[in-house]
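Observations on the model geometry
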Amino acid sequence: LQTHSLSLSLQAKMSRPVQARRLEGIDKNIWVEFVKLAATYSKVNLGQGFPDFPAPDFLTEAFTRALSGGNHMLHQYTRGFGHPPLVKVLAQFFEKLLGRDLDPMTNVMVTVGAYQALFCCFQAFVDEGDEVIIIEPFFDCYEPMVKMAGGTPVFVPLRPNPPKDGKLMSSADWQLDPAELASKFSERTKAIVLNSPNNPLGKVFSRGELGLIAELCVKHDVLCISDEVYEWLVYDGKQHIRMASLQGMWDRTVIIGSAGKTFSVTGWKVGWAVGPDRLLQHLRTVHQNSVYHCATIAQEAVAQGFQREVMLYGKPESYFVQLPKELQQKRDWLVQSLDGVGMKPIVPEGTYFLVADISQFKSDVPDVPNSDEPYDYRFAKWMVKNKGLAAIPLSAFYSEAHKNNYTNFIRFCFAKEEATLKAANDILQKWKLEKTSS
Ligand code: PMP
């Protein structure tokens, strides 16, 4: 009897595929692999995008007050679409930024990080057969999220132009070809994903570039999912321009933001979507039928952080002024370190990422002909295992078809303490010395 029931239970387990078709081909994930590698081998981790410096005191104090300040209701559910104080202050803040009136209850929704805002957008807007344009290189989750919704991603690359004589390349040298971009729009196009400032390049799209995209969106009646999580991390006096502020775009744009990036608290996972009610009402449907609710205490603390920032808007004490100032200095240190050893950096105009050219280091990490793995993956793995320095291969931010065109670059995160960046510099200098003496 025992053998019989065992074989029945085995059969029961094996009788049908368990995986839903929508997961086919999207089971591999760069972060699972590289976060583990960094945890195992890295002495200096410039891989995944998070600060290793403390969050601002005013924010952690707000969290502590929310936790133990006597309002026990902050330990319970709050409004599902966003804790009222947070949606109110976000509406107030974005009214200033966009120059239009916003209703906190219908024009703002709080999500579990920007990730969930993105997920809600794709689930809310994309049907089977719809195409979604994604600009390469892109934050990697856009592609599987489009596919999970039944849509087809259509990729258009930023193409690098040679830098000006004797200058380091800038993220601004990576540009869309207007004709190529236009050729991707058709009656099947439902949406375009825009990520400015862009992860991984650090490109901050200019008004002209945004205008070009906006014109095509209006012409083809296409939505824009505008991932602006790095909106405050812009350098050298550059300005972040909001797609929703361009003519004809408010009605068709969802702005996505992240307290994780904005206040250096990536672990809190508080994000938001801002847009017209006619779009956000559908995000609410996805939200209420999936996660429904985000941690109340984290929302309360982020609300207080924004209340502070509303008061200090544009002033030198504002965190949104101080953070980019500090990060620009860190960017410059890392640029210097990399340039000094010949790992040519592409100087980012924004974000806390920087892409560098590994060509001059290739002799240390021989390629394996006909390998399935792009060369930059091999290089990044070799580097963390042999040098203790973690970074992310750039081709992780490209579609399968285009990966092999961009295998000479790796991405570093420079939102790190001075000591961490110095330690990275030491590793690079030592490596360079070993190279020249061998
Ligand atoms: N969009 C981009 C471009 C990102 O780089 C990230 C985080 N790396 C996210 C969205 C996700 O943000 P969050 O942690 O708030 O979910």
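Here the residue index of a chain counts from 1 through its sequence in written order. Given that this is a predicted model, residues contribute local features only at a pLDDT of at least 70 and side-chain atom pairs are listed and counted only at 80 or more, while totals for whole chains, interfaces and linings are drawn from all residues. Only hydrogens and water are set aside; all other atoms, that is, all heavy atoms of the structure, feed into the side-chain values.

**Describing the overall build of the protein**
On a plain count of helices and strands, the protein comes out with 14 helices and 15 strands. In this description the radius of gyration comes from C-alpha coordinates, and the expected globular size is given by 2.2 Å times residues to the power 0.38. At 23 Å, the protein has a C-alpha radius of gyration in line with the 22 Å of a compact globule built from 438 residues. Judged by the C-alpha coordinates and their principal axes, the protein covers about 75 × 65 × 55 Å. For each residue, the accessible area found with a 1.4 Å probe, counting protein chains only, is set against the maximum for its type, and the residue is called buried under 20%, exposed over 50%, and partly exposed in between. Each of the 438 residues in the protein was classed as buried or not, and the buried ones make up 54%. By the convention used here, residues are in contact when the closest approach between their heavy atoms is within 4.5 Å. Taking the contacts inside the protein whose residues are at least 6 apart along the sequence as the reference set, 73% of them involve residues at least 24 apart. Values of accessible area rely on a 1.4 Å probe in the Shrake-Rupley scheme; residue burial ignores everything except the protein chains shown. Carbon and sulfur atoms provide 51% of the accessible area of the protein, an area that totals close to 19,900 Å². In summary, the charge assignment counts Lys and Arg as positive and Asp and Glu as negative, without counting His or the chain termini. By convention, charge coordinates are those of NZ in Lys, CZ in Arg, CG in Asp, or CD in Glu. Considering the protein, the positive charge centre built from 47 side chains and the negative charge centre built from 48 side chains are found 3 Å apart. The secondary structure listing takes helices from DSSP runs of H or I that are at least 4 residues long and strands from runs of E that are at least 2 residues long, numbered from the N terminus.

**Re the packing of helix α3 (residues 57-68) against helix α11 (residues 296-312)**
Only C-alpha atoms enter the line fits that serve as axes; for helices the fit covers just the stretch in contact. Angles between N-to-C directions range over 0 to 180 degrees. The N-to-C vectors of α3 and α11 enclose an angle of 135°; their axes lie 8 Å apart at closest approach. On the basis of their axis angle, the class for α3 and α11 is oblique. Handedness of the crossing formed by α3 with α11: right-handed. Listed contacts from α11 to F58, L59, A62, F63, R65, A66 and L67 of α3 are I297, A298, E300, A301, V302, Q304, G305, R308 and E309. The scheme is simple: roughly parallel for angles under 35 degrees, roughly antiparallel for over 145, roughly perpendicular for 65 to 115, oblique for anything else. Helix crossings get a hand from a simple test, with the near helix turned counterclockwise from the far one by less than a right angle marking a left-handed crossing and a clockwise turn marking a right-handed one.

**Some thoughts on the domain arrangement of the protein**
Assigned domains within the protein: domain 1 (24-55 + 318-437) and domain 2 (57-312). Marked domain ranges trace back to an automatic or database domain assignment. Between domain 1 and domain 2, the C-alpha centre-to-centre distance is 25 Å. Listed as interface residues are 41 residues of domain 1 and, on the opposing side, 49 residues of domain 2. Here the quantity called buried area is the total loss of accessible area, with a 1.4 Å probe, experienced by two parts when brought into contact, counted for both. When domain 1 packs against domain 2, the two sides together hide about 3,800 Å² of surface, and 61% of this comes from carbon and sulfur. The rule for a salt bridge is simple: a side-chain nitrogen of Lys or Arg has to be within 4 Å of a carboxyl oxygen of Asp or Glu. On the surface where domain 1 and domain 2 come into contact, there are two salt bridges.

**With respect to the packing of aromatic side chains**
The pairing test for Phe, Tyr and Trp rings, Trp by its six-membered ring, is centres within 6.5 Å, and the orientation test on the planes gives stacked under 30 degrees, edge-to-face over 60, and tilted for anything in between. Applying the stated criterion to the full structure yields 31 aromatic pairs. Consider the rings of F138 and F155, whose centres lie 5.4 Å apart with planes at 25°: the pair is stacked. On the criterion of sequence distance, the pair formed by F138 in the loop between β3 (131-136) and α6 (142-148) and F155 in strand β4 (residues 152-157) is long-range, its members being 17 residues apart. Residue classification places F155 among the buried residues on the basis of a relative accessible area of 12%. Centre to centre, the rings of Y230 and F353 are 5.7 Å apart; their planes meet at 85°, and the pair counts as edge-to-face. With Y230 in the loop between β8 (223-227) and β9 (253-258) and F353 in strand β12 (residues 353-357), this residue pair connects regions lying 123 residues apart in the sequence. Given a relative accessible area of 3%, Y230 falls into the buried group. Judged by relative accessible area, which is 1%, F353 ranks as buried. Grouping aromatic residues by their ring pairs yields a cluster made of F58, F93, W232, F263, W272, F306, Y313, Y319 and F320. If you follow R308 out to its NZ or CZ, it ends over the ring of F58, 3.9 Å from the centre. Here K435 stacks its cationic end above the ring of F361, 5.1 Å away from the centre of that ring. Geometrically, a lysine NZ or arginine CZ counts as sitting over a ring once it is within 6 Å of the ring centre and also within 35 degrees of the ring normal.

**With respect to the site of the ligand**
Around the ligand sit 13 residues, and of these A114, D227, Y230, S258 and K269 come closest. Think of a polar contact as two N or O atoms within 3.5 Å of one another; within protein, one of them needs to be a possible hydrogen donor and the other a possible acceptor, and neighboring residues in sequence only count if both atoms come from side chains. Between an oxygen atom of the ligand and a main-chain N or O atom of Y115, the distance comes to 3.0 Å. Between the ligand and the protein, one listed contact pairs an oxygen atom with a side-chain N or O atom of K269 at 2.7 Å. Taking 400 Å² as the accessible area of the ligand by itself, protein coverage stands at 92%. Of the residues forming the shell around the ligand, the biggest block, three residues, is contributed by helix α5 (residues 113-125). Polar here means any residue outside two lists: the nonpolar Ala, Val, Leu, Ile, Met, Phe, Trp, Tyr, Cys and Pro, and the charged Asp, Glu, Lys and Arg; Gly therefore counts as polar. Within the shell around the ligand, the residues separate by chemical class into six nonpolar, four polar and three charged. Residues are counted as near a molecule or strand when any one of their heavy atoms sits within 4 Å of it.

**Details of helix α14 (residues 418-437)**
Given the number of residues in a helix, its expected span is that number minus one, multiplied by 1.5 Å. Compared with the 28 Å implied by 1.5 Å per residue over 20 residues, the 29 Å span of α14 between its first and last C-alpha is a close match. When we look at burial in α14, the residues that qualify are T420, L421, A424, I427, L428 and W431. In a view along the axis of α14, the buried residues occupy a sector of 115°, so they form one face of it. Across from the buried face of α14, at angles greater than 90 degrees, the exposed residues are A419, K422, D426, K430, L433, T436 and S437. Here the buried face of α14 lies against β1 (44-45), α12 (319-341), α13 (375-387) and β13 (389-390). The directions from the helix axis to the C-beta atoms are what the arc is built from.

**What about the side chain of D376?**
You can see D376 is positioned in helix α13. Among buried Asp, Glu, Lys and Arg side chains, D376 stands out as unpaired, with K403 the closest opposite charge at 7.7 Å. Excluding anything up to four places from it in sequence, D376 contacts I358, P393, L394, S395, Y406, T407, F409 and I410.

**Brief notes about the environment of P56**
Secondary-structure assignment places P56 in the loop between β1 and α3. On the basis of relative accessibility, which here comes to 10%, the residue P56 falls in the buried class. The sequence separation of P56 and M73 amounts to 17 residues, and the corresponding C-alpha distance is 25 Å. In contact with P56, not counting residues within four places along its chain, are F263 and Y319.

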